[in-house]
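Spelled out, the chains give:
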Amino acid sequence: MTGWRARAACAGQQDLFFDGRREATAQAVCAGCPVRPECAAFALASGPEYGLWAGMSQAEMRLRRTGSPGRSPVIRISRPRGPCRKAA
């Protein structure tokens, strides 16, 4: 394990973060973690299906990604600037 994961407070105890019965214990480990911002960015970008990441449950991650519970993420597509050109 290298990078931010090697410096995480949870290094070596990942099983804790996939056991819903121990969520409070896992969140306590995350609370003092020095790499919590990196973990949160990874989790929000990759959208893992299971586990607690950066102290966030799946529902909390979904809410942070979409802005409201149960909504799909909104992808904004900007209009092209200038005239459209056909590929040659």
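Structure report, in brief. (Residues numbered from 1 in each chain as written. Predicted model: local features only at pLDDT ≥ 70, side-chain atom pairs only at ≥ 80, totals over all residues. Heavy atoms only, no water.)

### Focus on the side chain of Ser-57
Then comes step 1: Tracing the sequence through the fold places Ser-57 in the loop between helix 2 (36-46) and helix 3 (58-66).
Then comes step 2: Every residue in contact with Ser-57, bar those within four places of it in the chain, is listed here: Glu-23 and Leu-52. (Helix = DSSP H or I, 4+ residues; strand = E, 2+ residues; numbered from the N terminus. Contact = heavy atoms within 4.5 Å.)

### Focus on the packing of aromatic side chains
Then comes step 1: Considering all chains together, one arrives at two aromatic pairs under this definition.
Then comes step 2: Between Phe-42 and Trp-53, the aromatic rings sit 5.4 Å apart at their centres with planes inclined by 40 degrees, giving tilted as the arrangement. Separated by eleven residues along the polypeptide, Phe-42 in helix 2 and Trp-53 in the loop between helix 2 and helix 3 bring together distant segments of the chain.
Then comes step 3: The exposure class assigned to Phe-42 is partly exposed, which follows from its relative accessible area of 31%.
Then comes step 4: Through successive ring pairs, a cluster of aromatic residues spans Trp-4, Phe-42 and Trp-53.
Then comes step 5: Geometry around Phe-42 places Arg-5 over its ring, the cationic atom sitting 4.6 Å from the centre. (Phe/Tyr/Trp six-rings, centres within 6.5 Å; stacked < 30°, edge-to-face > 60°. Buried < 20%, exposed > 50% of the residue type's maximum accessible area, 1.4 Å probe, protein only. Lys NZ or Arg CZ within 6 Å of the ring centre and 35° of its normal.)

### Some words on the side chain of Gln-58
Then comes step 1: Along the chain, the position of Gln-58 falls in helix 3.
Then comes step 2: Exposure remark for Gln-58: the relative accessible area of 18% places this residue in the buried category.
Then comes step 3: Within the structure, the side chain of Gln-58 is placed 2.7 Å from the backbone oxygen of Gly-51, a separation counted as a polar contact.
Then comes step 4: Ignoring anything within four residues of it in the chain, the contact list for Gln-58 reads Pro-48, Glu-49, Tyr-50, Gly-51 and Trp-53. (Polar contact = N/O pair within 3.5 Å; in protein donor to acceptor, adjacent residues only side chain to side chain.)

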